[in-house]
Amino acid sequence: MKDLWNKYKEVITYVIFGVLTTVVSWGSYTVFVNLLSMKVFVGNLLSWICAVAFAYITNKLWVFESKSWKPSVIGKEIVSFVAARGITGVIEIVFVPLLAKTGFDNIFYNILEKADIKMNILFTDGIYSKIVLAVIVVIVNYFLSKFLIFKKKKDKNNG
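Small disclaimer: the values here were computed from a predicted structure and weren't measured. (Residues numbered from 1 in each chain as written. Predicted model: local features only at pLDDT ≥ 70, side-chain atom pairs only at ≥ 80, totals over all residues. Heavy atoms only, no water.)

Visitor: What is the right way to look at the overall build of the protein chain in this model?
Guide: Along the backbone of the protein chain there are 5 helices and 0 strands. The linear arrangement of helices and strands in the protein chain, starting from the amino end, is α-α-α-α-α. Partitioning the intrachain contacts of the protein chain with sequence separation of at least 6 by distance along the chain shows that 62% fall at a separation of at least 24. Surface exposure of the protein chain reaches about 11200 Å², of which carbon and sulfur atoms provide 72%. For the protein chain, the distance from the average site of its 19 positive side-chain charges to the average site of its 10 negative ones is 10 Å. (Helix = DSSP H or I, 4+ residues; strand = E, 2+ residues; numbered from the N terminus. Contact = heavy atoms within 4.5 Å. Areas by Shrake-Rupley, 256 points an atom, 1.4 Å probe, with all protein chains shown as cover. Lys, Arg positive; Asp, Glu negative; His and termini not counted. Charge placed at Lys NZ, Arg CZ, Asp CG, Glu CD.)

Now the structure itself:
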């Protein structure tokens, strides 16, 4: 079991902290919009900032274990991390409606109708496009973080 943990620790911690990042995003959004009566745009923007900050810290410390606290390293990591999350955020914002307009969700609606499942939430416009794009974005964010943002420096003695 320990060998399995060592082999997949990075992916497992990435998924765990990804779920927690979603909780931070949705929770802070609820606080901003419901409790503090902010406009949806402002609440959504602030919740995105909270989620990205949380994700950066958890990815740095526990997922990719970036050890350097030099201001130049942290500055580069933060700028790269926010830029990557911004780019994948825009991809999601643009491609969810495009995918939904192509009829992508109809595949799932047809399956649900044939299975005689009638829960309205499962027929939310664009929901399956959003789910598929969210999975793609998570995968892209992982690789951007692993290979560009928190890439490990090679040990000079080991090549």
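So that's the structure; there's more coming.
Visitor: Mind showing me how you'd approach the environment of Ser129 here?
Guide: Inspection of the secondary structure puts Ser129 in helix 5 (residues 127-149). Among the residues examined, Ser129 registers a relative accessible area of 0% and is labelled buried. On a C-alpha basis, the gap between Ser129 and Ala100 in space is 5.7 Å, while along the polypeptide they are 29 residues apart. Contacts of Ser129, omitting those with residues within four sequence positions, involve Val96, Leu99, Ala100, Phe104 and Asp105. (Buried < 20%, exposed > 50% of the residue type's maximum accessible area, 1.4 Å probe, protein only.)

Visitor: So what exactly am I meant to see when it comes to the nonpolar core here?
Guide: In summary, soluble globular proteins display a tendency toward joint burial of nonpolar side chains. Counting residues in hydrophobic clusters, the biggest one holds 13 residues, and the most contacted among them are Tyr14, Tyr56, Val63, Phe64, Phe81, Ile149 and Phe150. Among the elements of the structure, helix 1 (2-35), helix 2 (40-63), helix 3 (71-101) and helix 5 are those that each provide at least two residues to this core. If we ignore the near neighbours within four places in the chain, the residues touching Phe150 are Tyr56, Asn59, Lys60, Phe64, Ser66, Glu77, Phe81 and Ser145. (Core = buried A, V, L, I, M, F, W, Y, C linked by side-chain atoms within 4.5 Å.)

Visitor: What is the right way to read the environment of Phe104 from this model?
Guide: For Phe104, the location among the structural elements is in helix 4 (residues 104-114). For Phe104, a relative accessible area of 21% puts it in the partly exposed group. The spacing of Phe104 and Leu144 is 40 residues in sequence and 27 Å in space, taken between C-alpha atoms. The residues touching Phe104, leaving out its near neighbours within four places in the chain, are Leu99, Tyr128, Ser129 and Val132.

Visitor: Just checking my understanding: could you explain helix 5 for this structure?
Guide: Since the α-helix packs 3.6 residues into each turn, any two residues three or four apart lie on the same face. Of the residues making up helix 5, those classed as buried are Tyr128, Ser129, Leu133, Val137, Asn141, Tyr142, Ser145 and Ile149. Of the surrounding elements, those touching the buried residues of helix 5 are helix 1, helix 2, helix 3 and helix 4.

Visitor: How do you make sense of the packing of aromatic side chains when you look at a structure like this?
Guide: Two aromatic rings, taken as a pair, are described by how far apart their centres are and by the angle between their planes. A complete count under the given rule lists 14 aromatic pairs for this structure. Relative to Phe81, the ring of Tyr56 has its centre 5.6 Å away and its plane inclined at 70°; by these criteria the two rings are edge-to-face. Residue Tyr56 is found in helix 2, and its partner Phe81 is found in helix 3; the two are separated by 25 residues along the sequence. Taking the relative accessible area as the measure of exposure, Phe81 reaches 1% and is therefore buried. For the pair Phe108 and Tyr128, a centre-to-centre distance of 4.7 Å together with 15° between the ring planes defines the contact as stacked. (Phe/Tyr/Trp six-rings, centres within 6.5 Å; stacked < 30°, edge-to-face > 60°.)

Visitor: Is there a simple way to explain the pattern of salt bridges in this structure?
Guide: Oppositely charged side chains can pair when the atoms bearing their charge come close. Scanning the model with the defined rule gives 5 salt bridges in all. Across the pair Glu65 and Lys9 runs a salt bridge, and its minimum N-O distance is 2.6 Å. Residue Glu65 is located in the loop between helix 2 and helix 3, and its partner Lys9 is located in helix 1; the two are separated by 56 residues in the primary sequence. Note that Lys130 and Glu92 form a salt bridge whose closest N and O atoms lie 3.3 Å from each other. Of the two residues, Lys130 is situated in helix 5 and Glu92 in helix 3; the sequence distance between them amounts to 38 residues. (Salt bridge = Lys/Arg side-chain N within 4 Å of Asp/Glu carboxyl O.)

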